[in-house]
Each structure stands twice: as C-alpha cells, then as structure tokens.
Amino acid sequence: TQACLSAIDAAGALNAFVHKTPEIALEQARAADARLAAGDAPAMCGLPVGIKDLFCTKGVPSQAASAILEGFKPEYESTVTSKLFDAGSVMLGKLNMDEFAMGSSNETSVYGNAVNPWRRGNDDTALTPGGSSGGSASAVAADLCLAATGTDTGGSIRQPCAFTGTVGIKPTYGRCSRWGIVAFASSLDQAGPMTKTVRDAAIMLEAMAGHDPKDSTSADLAVPNFEAMLTGDIKGKKIGIPKEYRLDGTPDEIVKLWDDGTAMLKDAGAEIVDISLPHTKYALPAYYVIAPAEASSNLARYDGVRYGHRTTLAAGDGITEMYEKTRAEGFGHEVQRRVMVGTYVLSAGFYDAYYNRARRVRALIKKDFDDVFAAGVDAILTPATPSAAFGLGEMNDEDPVKMYLNDVFTVTVNLAGLPGISVPTGVDAQGLPLGLQLIGRPWEEGDLLNTAYALE
Ligand code: GLN
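Residues numbered from 1 in each chain as written. Predicted model: local features only at pLDDT ≥ 70, side-chain atom pairs only at ≥ 80, totals over all residues.

## Some words on the overall build of the protein
Right, so step 1: Along the backbone of the protein there are 14 helices and 11 strands.
Right, so step 2: With the C-alpha coordinates aligned to their principal axes, the bounding extent of the protein is approximately 75 × 65 × 50 Å.
Right, so step 3: Restricting to contacts in the protein with at least 6 residues of sequence separation, those with at least 24 account for 76%. (Helix = DSSP H or I, 4+ residues; strand = E, 2+ residues; numbered from the N terminus. Contact = placed C-beta atoms within 7 Å.)

## Thoughts on the sheet that holds strand β4 (residues 147-152)
Right, so step 1: The strand order β1-β3-β2-β4-β6-β5-β10-β11-β9-β7-β8 describes an open sheet built from 11 strands, whose pairing is mixed. Strands at the two margins of the open sheet, each flanked by one partner only, are β1 (17-20) and β8 (271-275). Neighbour-to-neighbour, the strand axes of the sheet open up by a mean angle of 30°, direction not taken into account.
Right, so step 2: By the bridge criterion, five bridges tie strand β2 (residues 48-52) to strand β3 (residues 90-95) in an arrangement that is parallel. Note on β3: the bridge partner recorded for Val49 is Met91.
Right, so step 3: Its contacts with the sheet put helix α4 (residues 134-141) on β1, β2, β3, β4 and β6 (190-195), and the angle it makes with β4 is roughly 155°. (Pairing = 2+ DSSP bridges. Axes fitted to C-alpha atoms, helices over the stretch in contact; angles between N-to-C directions.)

## A short note on the pairing of strand β5 (residues 167-170)
Right, so step 1: By the alternation rule, side chains of β5 split into Val167 and Ile169 and Gly168 and Lys170, which are all buried.
Right, so step 2: Pairing of β5 with β6 involves two bridges; the strand directions are antiparallel. What sits directly across from Val167, in β6, is Thr195.
Right, so step 3: Both β5 and strand β10 (residues 420-427) contribute to a ladder of three bridges, which runs antiparallel. Residue Gly168 lies in a different strand from β10, and its bridge partner there is Ser422. (Buried ≥ 20, exposed ≤ 12 C-beta atoms within 10 Å, placed from the backbone.)

## Observations regarding the nonpolar core
Right, so step 1: Core analysis: the biggest nonpolar cluster contains 134 residues, and Val49, Cys145, Leu438 and Leu449 have the highest contact counts within it.
Right, so step 2: Here this core spans two domains, since at least three of its residues come from each of domain 1 (1-279 + 363-456) and domain 2 (284-352).
Right, so step 3: In this view, Leu449 contacts Ile169, Val198, Ala201, Ala202, Phe226, Met229, Leu230 and Ile421; residues no more than four positions away in its chain are not counted. (Core = buried A, V, L, I, M, F, W, Y, C linked by C-beta atoms within 7 Å. Domains from an automatic or database assignment.)

## Points about the domain arrangement of the protein
Right, so step 1: Per the domain assignment, the segments of the protein are domain 1 (1-279 + 363-456) and domain 2 (284-352).
Right, so step 2: When each unit is reduced to the centre of its C-alpha atoms, the spacing between domain 1 and domain 2 is 27 Å.
Right, so step 3: At the junction of the two partners, domain 1 supplies 28 residues and domain 2 supplies 23 residues.
Right, so step 4: Listed by contribution, the elements that provide at least two residues to the side of domain 1 that touches domain 2 are α12 (400-404) and α13 (411-416).
Right, so step 5: Split into classes, the residues belonging to the side of domain 1 that touches domain 2 amount to 16 nonpolar, eight polar and four charged. (Nonpolar A, V, L, I, M, F, W, Y, C, P; charged D, E, K, R; others polar.)

## Focus on the packing of helix α8 (residues 283-298) against helix α10 (residues 333-346)
Right, so step 1: It is the contact of α8 with α10, at a shortest axis distance of 7 Å, that shows an interaxial angle of 100°. Judged by the angle between their axes, α8 and α10 are roughly perpendicular. For the pair α8 and α10, the contacting residues are Val289, Pro292, Ala293, Ala295 and Ser296 in the first and Arg338, Val339, Val341, Gly342, Thr343, Val345 and Leu346 in the second. (Parallel < 35°, antiparallel > 145°, perpendicular 65-115°, else oblique.)

## Quick notes on the UniProt feature "active site" (unreviewed entry) in the protein
Right, so step 1: As annotated in UniProt, the feature "active site" (unreviewed entry) corresponds to Lys52, Ser132 and Ser156 in the numbering used here. Spatial clustering of the annotated residues is evident: they stretch over 105 residues in sequence, but the largest pairwise C-alpha distance comes to 11.2 Å.
Right, so step 2: Residue placement: Ser132 occurs in the loop between β3 and α4.
Right, so step 3: The class of Ser132 is buried, set by 35 C-beta atoms lying within 10 Å.
Right, so step 4: With residues near it in sequence (within four places) discarded, Ser132 still touches Met97, Asp98, Ala101, Met102, Gly103, Asn106 and Ser156.
Right, so step 5: Residue position: Ser156 is located in the loop between β4 and α5 (158-164).
Right, so step 6: Residue classification places Ser156 among the buried residues on the basis of 37 C-beta atoms within 10 Å.
Right, so step 7: Apart from residues no more than four positions distant in its own chain, Ser156 is found in contact with Ala101, Gly131, Ser132, Ser133, Gly150 and Thr151. (UniProt positions renumbered as here; feature names shortened; annotations may be inferred.)

## Here we look at the confidence of the model for the protein
Right, so step 1: Per-residue pLDDT for the protein has a mean of 97; in total, 100% of the residues score no lower than 70.
Right, so step 2: Per-element confidence in the protein is highest for β2, whose mean pLDDT is 99, and lowest for α12, whose mean pLDDT is 88.
Right, so step 3: In the predicted complex, the global pTM is 0.98; the interface-specific ipTM is 0.98. (pLDDT = per-residue confidence, 0-100.)

## Thoughts on the packing of helix α6 (residues 198-208) against helix α14 (residues 445-455)
Packed helices, taken two at a time, are described by the angle their axes make and the gap between the axes.
Right, so step 1: Two elements in contact, α6 and α14, have axes separated by 9 Å at closest approach and are oriented at 165°. As judged from the angle between their axes, α6 and α14 are roughly antiparallel. Relative to α14, α6 is oriented so that their crossing is left-handed. Taken together, the residues of α14 that come into contact with α6 (itself represented by Val198, Ala201, Ala202 and Leu205) are Glu445, Leu449, Ala452 and Tyr453. (Left-handed = near helix turned anticlockwise from the far one by under 90°.)

## Points about the environment of Tyr355
Right, so step 1: Among the structural elements, Tyr355 can be located in helix α11 (residues 352-374).
Right, so step 2: Placed 100 residues apart in sequence, Tyr355 and Leu455 show a C-alpha to C-alpha distance of 38 Å.
Right, so step 3: Contacts of Tyr355, omitting those with residues within four sequence positions, involve Val289, Ala293, Val345 and Leu346.

See below:
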C-alpha cells in the first residue's frame, strides 16, 4: 500500500487519481494485516486498488468528474466497493474519468484528462488512456495500483484497457449491483474490474459480483469461483468471427491483430467459425439514442437542490432560473449535448421515430447474438477498438461522431447485455498496445475469462 501511495505521488502528471485516500488506505491495510495474522485471508486481502469516481464511497468525494457534484460526499458506500472492502481490498483513492462516464478519451473530466503512460516510439506526444474509465486504465498500466474498478455503458472498461495494455471485463448485465454507482444509462451500465492479467480480473470480478436486493436488476445467481475456471483448456470451443466487424478503413495492424488472435485460439484447439451479426451497423446509432435518453432522465436529479453545486442567485431569480443556471454551470459540453439529445428523442412528437425505433433495433441486435449462441458458438472474437490510443486533443469536440466511432465494436455488447472482455494481445508499429475483445454467453463469464486466458 505504501509503495502504491508513493507511486501515485510520483506520477501526478498522469492525473489518474483525482482524490487520494491515504488514511483510509493505511487503516484498511492494517486491518488486512490483522485478518491475515488471524488466518482469515479473503481473495483481495490487503490488495491496494483504485476506485473510479463514479462509485459512491462513504465520506469520500464522489463527483463523477463533474462540477455539478462539487463537494458531494456520499453518506453511503456503493455495493461493489462494500464487497471489495469486505474481501479485504484497500482503497487508494478515486480515479479520473469522463464526466458522468460520457466520453472515450477522459477529456470531458472536470479534473482535466488522465494521461496514458504509453508513448508512440520516441514521440513524446501525450496520448489518451481512453475513456470513460481512463484514470483506472492509466493507474493500472502505470503500476499505481494493483487493479481498479471501472464501469462500462458502451465500452468504458474495454476501450481504455485496449489503449493501455490492461485487461477489463464488462460482466453480464445484472452480475454486479449498480447500487451506489452514479447512473448514466441504467439499462446499459455495469461495473467491472480493470487489471493487469486475466487471472486478476477473475479474482476481482468474483469479489465485486453478486445479488443485491437494493438493485432490482441484479441477478439472483450464485457467483462461481472464476479463478478456478482458468484452465487454459479451450479445446473444442467454437469461436465465432463476425463478418460485420470487418469495417472498411480498419487499419492493417488491427486486422492483423485479429487474424493473429484467431490463429492463436485455433492453435489452442478451438474451432473457428465465420458468423454473421446482421444488425451490427445499427448498434452505434441505437446506442447514441438510448444512452442519452436514459442519461437525460437520470441527470434530471442534479437540480441544485439535492446534491453538489448550486448557482449564486441574482435578485429576482426564481426556481426556474436556479435550475437553469445551476445546470448550465455544473454540466460540461458533452453532458449538455447528451441531455439535449436525450430530451429530444424522448419528446412526445419524436419518441416513436427515435427512442422506440432504437429499442426495436436493440432487440434485433440481441437476437443476432442469441441466434449465434443457439447455433453453438461459445464466444465471439473481435477487435476491441478501431485504433490504438490517439493523441490528447486529436479528436475535435466540433465533431462528436468521430469520438463516438471509437465505440463501434463495444456498444453491441451493452445493448445485448452480454459479457465482454478486452485482452491485450499485441502492439502497433509504434509499440502501442492493442486489444482484442471476446464476447460470451450471458452468465458465462467463467468460460469467457478462460478463453481470454488462452489468448493472453
Ligand atoms: N464512449 C461511450 C459514451 O460516451 C461509452 C461510455 C461508457 O461506457 N461509460 O457513451
């Protein structure tokens, strides 16, 4: 714990930790020592981790990297962090992220962006660690913590992991409780571990997962011992390669990474099959209707009354001005854009044309996956991202769709509620890490982790 705390102090330039909790960490570390001495050694005992700022942590600033939650210190602990603490984890602090988890580069954070510890060859250009869980990815990659929590609504665990050479799994929707996690798009949000290895991800996921009566969408299913399922034996497993993920313009090195990963699984005894997920091309537009719609509803609670920031009222201001000014001051550009898009697609005249249509498309996307799994496919292999980490400031805020295109391979998994894992499997010509994604059957994270283990 002390080594991590020193590493965090020395790596301030990465801007990965936005709030450090050394007192809590040392107290938890001492408690972990006592548990170990008493012969009680839970899976995460004494392991120092970082927590994404989206998780409510009792008495510790939890701002979702937004100005509107300035000064917010929850009175309660999220279920996932409680479970991690019960399993002996040590919290080093809160990690940077895109504001309200909206973004793919960590650049929408009120704290300024986290920085990727990797560089392109000898070029010193600072790169994004990805987003929204960019601080988590940067901290794990730079050895500031042993692991971190992330959340994934449309790729926010998997894309940053691919950009930083780390492992991240978005579990099946409902595997981890969402209670105490600041809501972005409730039907898509899931928490998951971001780690250095597949084995670490298996251990940490088991500690985070489980039924929670406080989240009605959390599944009442036993959590398997995921680590015990890592045999590396994938003989006879059927791995699907979806042709719709072969997008025009995908860089050669991503195509090669995908081909190499396919060959590796084949060498390990898997059967490779070509598959079709015909509605894939509608996933990104459907996601960028559904996610903002849910966000506009979830973010209605930030009204200057209940949490965080409240504007300074001028003479004559009424409650409407209070709401308007508070929200104009407290929300950044991207969040405002999402609230406007979401409000528009949910409005009486457009609801059927946009929101309901997107929901129908979502059902078709889920059916594509159901059909492939029903035909015997065990897991699907795709690239995790369409490129390696890009430079900070390289994506123009004027053209948000360019940034949204980063999520082209990841959002399908959230729309279908499936587990997906990003595994680092190679580097590009400049030495930057690249990742592949494996998508599994619902509730079969153990199997998925084992396939990832064979690929690692
Ligand atoms: N980049 C996506 C978005 O901006 C995904 C975010 C996430 O998974 N939290 O919505």
